[in-house]
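# Summary of the model geometry
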Amino acid sequence: MSQQTTIRKLAELVNTPVEKLLEQLAEAGMKFSGPDQVVTSTEKVKLLGFLRRTHGKADKPAEEGDAPKKITLSRSRKQEISVGGGKTPRSTVDVVVRKKVTLVRSDENQAAPTDERAEILRKLEESKQRNLAEQQALADADKRRVEEAARVKREAVEAESRKVADAAAAAAADASALAGEDDPARKAAAATHGHGHPKPPAAPRTEDRGAPRHKTRGSHVMAAGVEDDDRTKRFAGQMHLSASDRARRSSGARGRAKPRRHADQSRSGTGFTRPTAPIVRDVAIGDTITVADLAQKMALKGGDVVKALFKMGVMATITQSIDHDTAALVTEELGHNVVRADAGDVENELLAHVEDAQGDKATRPPVVTIMGHVDHGKTSLLDFIRRTKVATGEAGGITQHIGAYHVETDKGVISFLDTPGHAAFSSMRARGAKLTDIVVLVVAADDGVMPQTVEAVQHARAANVPLIIAVNKIDKADADPTRVKNELLAHEVVAEEFGGDVQFVELSAKTGAGVDSLLDAISLQAEYLELRAVHEGRAAGVVIESALDKGRGPVATVLIQQGTLKKGDYLVCGVQYGRVRALFDETGSQVPEAGPSIPVQVLGLSGVPDAGDDFVVVDDERLAKDVAQQREGKRRESRLAQGGNRMEDIMAQLGQGEGQLSLPLIVKADVQGSVQALREALTALSTEAIRINVIGSGVGGITESDAQLASTSKATIIGFNVRADATARKLIETNGVDLRYFSIIYDVIDQVKQVASGILGVEIREDIIGTAEVREVFRSSKFGAVAGSMVVEGVVKRSKPIRVLRDNTVIFEGELESLRRFKENVDEVRVNTECGIGVKQYNDVKPGDQIECFERIEVQRTL
């Protein structure tokens, strides 16, 4: 058989690109749709003549180019040869015989191209006929071989059937002889043919019983000379089986004797019908969805969805969550429709619940936030208004929590939020600006505008809250209020006397001068804002601060924005929920209820909420629990969705991580706001060379799980105004975990910054040298409350600073006023010794408190 030449092969032979050859064929008047089409010899000759004419070689007559000078004939024949024999398995080998003949036209025959062409065509036709004959002969041989094999197999089956039939006939004859020829019961059974139906007429029997005639039923051969009773029919063809097998098959045959009568399932609609085409489903997808849930909605295996995601470049396990866009892409890739899932059913119910509680609005007190730079007198000003002494009890003299108070003045009730001024508490100041109606920016007249002052202005503008500038410390000799006004002009804060709209009030938090003018300015601004809220109905508001108290559980300081919060109300707060067990005001007194713009402490939540979370009062606990669980599930899915990174992102992270050091930290603090501030401040210290990684954080004392995590991850534990319990201390000492206590955020940031930057210098550490447990409290007219204590660890020295701890949480820091053994003053008291301790400027010592004596030491850094 001659080989066929395609355009692609022809292009390879003539060393020409396929596209160019197609263009030349088109110019020659031959249209081809693709490079795999066959080119005949006539078309080759036509192309050759066209190319010769194109290149100016058409000097011969056109008919001379019709016939080629040389023709190559190819023939291929394929045969199969069996190899192997005997014990060796037989195999077939394909043998292909190719034959090629080249015919060259002589010069004397060139004058008659037509005759030569006819001769060539005749030879081609003969070669084609021979090839067809050979192929037909091969096909006939294969057919005969298959028929022979089928005949041999059929003869073997017939021989086996004859043997089985002979054995069955002999067994039936024996059974008939035993039963007796004249048994009426046997004849009746034979007459009914074993099924209760009349037996068909029997075929004529031969006289010779030793040579019974056989009849075929399907593939079985039955003995015609034997009575066709039930036993014969049952055991025919089964004599080669054992007795147990024959009994089993006999019982199975009896069970199949009566066919079951089932209704047509395809007609009744109860049967399963296999789909004839792919089923396209509408898949509801929310913000996030796990791979397993997505596969279940599409009725696919989880591995198929994981494989499809992997092909898209997303590596995710079957239990991992993916975002909505990724899930929609893979769903459409697998041939299904995407429907946006309404995942906020419970949220919609909650929203309708809140809207139904709307009522008439009435005037409410203003919420004022005190902001400003560190040590500019914010808390001192608030103390003068409240007539208390709070600033003296703050660690290092700076505020590190958001304090919420409401005071009754001659101008009415005003709620104050005192925010910290340190740079690390930027999130607290931003949260305070969003919760407030008016921002009072305190600027020291002797210090001027500082970085946190500018930041407070930016937060107030971002929250669109009016500003009142309180120029403090005008009683100092170097005070210059005009300087403050001029410096604020650079930040577009224009005083009213300069033609602006910002009120400036000069005052002194120490002497109280100008404080009444500030309250007048606040009342005027509140009256201009026309602050109104719904007083009756369900309460709603926001969390200002939260903490974990060992004795009372989760405690949240909330600011009510509308409605009235009462004891016994059910509320949902972020991902937490609960029932209000008690309400406390800023003085620690219980109150039955609280209205709009009033900050209170709430007990009874299921956990510690995040600062800044909204809370809403609902009718029943079921709705609160459903909303909290749904929010927790969405938060968990969002965290899991971040793990399904693309391969490119993972490789990029691996590339960036080369040579980068990591400093793992675990941060525990007394309130949620301090935890957030420390996380943000410490993470911001990361550089290209070292990364500060806060692997764990929380509110409350340091527990055994924190110590175990630090031991496993080689992390440093930072305790901010909290302490480790006895179990955690033992584990920390056993595993050599680095534990550091701090009470001022300056020290935390500075020490971590020194370690991260590798700067050698003096390190200031706080070492606890002794702890005393308060057993009883006595009242003294000279020293106030005197704590009768037992030194349980180390030594207590009079010259060292002390802290008062309640439930492993720092509640006061100061110094000893007196240290006595019986009636004598002593400089130190050692372990297991009783003593009397008087704490300076602190009388709220209770039995069970711990008085911790410490000292600050300087340690030289070494590599």
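Residues numbered from 1 in each chain as written. Predicted model: local features only at pLDDT ≥ 70, side-chain atom pairs only at ≥ 80, totals over all residues. Heavy atoms only, no water.

For strand 16 (residues 467–472), the buried fraction is high: six of the six residues fall into the buried class. Going residue by residue along strand 16, you find L467, I469 and V471 tucked away on one face and I468, A470 and N472 tucked away on the opposite face as well. For strand 15 (residues 438–444) and strand 16, the ladder comprises six bridges, and the chain directions are parallel. Bridged to V440 within strand 16 is I468. One crossover worth recording links strand 15 to the parallel strand 16 by way of helix 15 (residues 451–462), and it is right-handed. Looking at chain direction, strand 16 and strand 17 (residues 503–506) are connected through four bridges and run parallel. Bridging across to strand 17, A470 finds its partner in V505. On the question of chirality, the crossover connecting strand 16 to the parallel strand 17 by way of helix 16 (residues 481–489) is right-handed. (Buried < 20%, exposed > 50% of the residue type's maximum accessible area, 1.4 Å probe, protein only. Helix = DSSP H or I, 4+ residues; strand = E, 2+ residues; numbered from the N terminus. Pairing = 2+ DSSP bridges. Right-handed = clockwise from strand over helix to strand, strands pointing away.)

Residues V368, L381, F416, V440, L518 and I522 are the most contacted members of the largest nonpolar core, which totals 24 residues. When contributions to this core are tallied by element, the ones reaching two or more residues are strand 12 (367–372), helix 13 (378–386), strand 13 (403–409), strand 14 (412–418), strand 15, strand 16 and helix 17 (515–529). Counting residues per element, this core draws most heavily on helix 17, at six residues. Apart from the residues within four sequence positions on either side, I522 is in contact with V368, I414, F416, I438, V440 and I468. (Core = buried A, V, L, I, M, F, W, Y, C linked by side-chain atoms within 4.5 Å. Contact = heavy atoms within 4.5 Å.)

Phi angles above zero are rare outside glycine, and N15 is one such case at about 60 degrees. Here N15 shows up in the loop between helix 1 (7–14) and helix 2 (18–27). Backbone geometry at Q841 places phi at a positive 60 degrees, although glycine is not the residue there. Its place among the elements puts Q841 in the loop between strand 37 (834–839) and strand 38 (850–860).

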